[in-house]
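# An overview of the molecular structure
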Amino acid sequence: MKTSFLATLSVVASAALVHAFPGPSFDQLRVFGHAEPEQRLIQYSDDSPAKWMKQDDIDALMRAGIKYMDITDHQDLKPLDNMAAQSSVIPTKANYQEEVSPFIGNLTTVTMEANLKTFTDFHTRHYKTKWGKESAEWLHKQIDELAQKTEHVTVKKFAHSWEQFSIIARFEGSDESLENEVVIVGAHQDSVNMWLPYVGRSPGADDDGSGTVTILESFRSLVENGFKPQRPVEFHWYSAEEAGLLGSQDIAKEYQSNGRQVIAMLQNDMTGYIGSNGEVIGVVTDHVDPKLTSFLQTLVDTYADIPYVETECGYACSDHASWRKAGFPSAFTIESEFAESNHYIHTSADTWDKLSFDHMKEFSKVAVSFAVELSHKQ
């Protein structure tokens, strides 16, 4: 996730800089520098042109709570003319409660808690550090060991130009006519300390360790209970979300270039913190596919034990934005209304003891139902 509400207020109060973007002087916001001379092409709005920026200035964007997409390597990523048909297959009601029910019944917080405690033990999961790669290797091992239990699930490392790889786990579909289609459930595995990005302690329990173990638990239940979809279903754990959605952009571009038809994509970013208004599932309504988001709300009503609340998170606030930019239907669930979300993110205080595993389980239910319902040809 790309912002920290109280961190933003802290920067504003201490520096007296931010009134309205692009008000902040990036030089004034600069706190820590490093030796990267490279400039990156950064976009922080649908309506504003991208700007070439140094890494210090990009880091300052994060500290100021300004969400962005690093489009340096994918300046040509945009919807193709033949992509309009994807949303036409999205249903309007839940049709497979009997099939979904056993998978939801098998979900447990025990594995989520054990996995998150280990995942947050890495000093940081910054995508350019040794810890980022080591944490990805650990996560890959957990996913691969589950996949070994069945023949129709494969797991692969998706390599990038940096150390930390993304992970893709794929359930093959039974209907050969749908082989080129795919349903995606995603989260991001990296973390960041906004003050010391490369060396600072960043457990990233909520952002996005919570989403990582939420969909890992959904994946576990589907594997162990014999899920066999009609159309392929994939679970993605992205690298470098905190650096401008770099990992998910790489994958979205490859899928688009290969002519893959992404029927629907659901992002799970921050699923463990309960805001002051109580337990809800935040359903993001801006920068998403309206039809898929409406169906997502139906899934919450049908399968979760808590209600949803509509919320907005702004431009490029998580990896669903990469798939939207490529022209594919995407949606996003978050732990609460955006203003009520965890204010400890991007710091050393984003720890697992502040989170609710029962809350995460509600998101696991929705992720399972998303995978099963949309795996059918209808």
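Nothing here was measured: the structure is a model prediction, and the numbers come from that model.

Cut-offs applied
- Residues numbered from 1 in each chain as written.
- Predicted model: local features only at pLDDT ≥ 70, side-chain atom pairs only at ≥ 80, totals over all residues.
- Heavy atoms only, no water.
- Pairing = 2+ DSSP bridges.
- Helix = DSSP H or I, 4+ residues; strand = E, 2+ residues; numbered from the N terminus.
- Contact = heavy atoms within 4.5 Å.
- Axes fitted to C-alpha atoms, helices over the stretch in contact; angles between N-to-C directions.
- pLDDT = per-residue confidence, 0-100.
- Buried < 20%, exposed > 50% of the residue type's maximum accessible area, 1.4 Å probe, protein only.
- Right-handed = clockwise from strand over helix to strand, strands pointing away.
- Disulfide = S-S within 2.5 Å.

## What about the sheet that holds strand β2 (residues 51-54)?
Pairing between sheet strands relies on hydrogen bonds along the backbone, with the strands arranged either parallel or antiparallel. Judged by pairing direction, the sheet is antiparallel, and its 3 strands sit side by side in the order β2-β1-β3 without closing on themselves. In this open sheet, the two strands that pair with only one neighbour each are β2 and β3 (69-70). By the bridge criterion, 2 bridges tie strand β1 (residues 39-43) to β3 in an arrangement that is antiparallel. Residue Q43 lies in a different strand from β3, and its bridge partner there is M69. Helix-sheet contacts for helix α3 (residues 55-63) involve β1 and β2, and the interaxial angle to β2 is about 100°.

## Topic: the confidence of the model for the protein
Put simply, the protein has an average pLDDT of 91, and 89% of its residues get 70 or more. Per-residue pLDDT, averaged within each element of the protein, yields its smallest value for helix α2 (residues 26-29) (36) and its largest for strand β7 (residues 233-238) (99). Within the model, the stretch residues 4-34 combines pLDDT values under 50 with 49 contacts to residues more than four positions away or in other chains.

## Observations concerning the pairing of strand β6 (residues 181-188)
Extensive coverage of β6 is indicated by the burial of 8 of its 8 residues. Going residue by residue along β6, you find E181, V183, V185 and A187 tucked away on one face and V182, I184, G186 and H188 tucked away on the opposite face as well. Looking at chain direction, β6 and β7 are connected through 6 bridges and run parallel. Looking at the pairing, A187 lines up with W237 of β7. Assessed by its sense of winding, the connection that carries the chain from β6 through helix α7 (residues 205-224) to β7 is right-handed.

## Things to note about the state of the cysteines
Covalently bonding the sulfur atom of one cysteine to the sulfur atom of another cysteine gives a disulfide. Scanning all chains against the criterion turns up 1 disulfide. Here C313 connects covalently by a disulfide to C317, the sulfurs 1.8 Å from one another. For C313, a relative accessible area of 2% translates into the label buried. For C317, a relative accessible area of 0% corresponds to the buried category.

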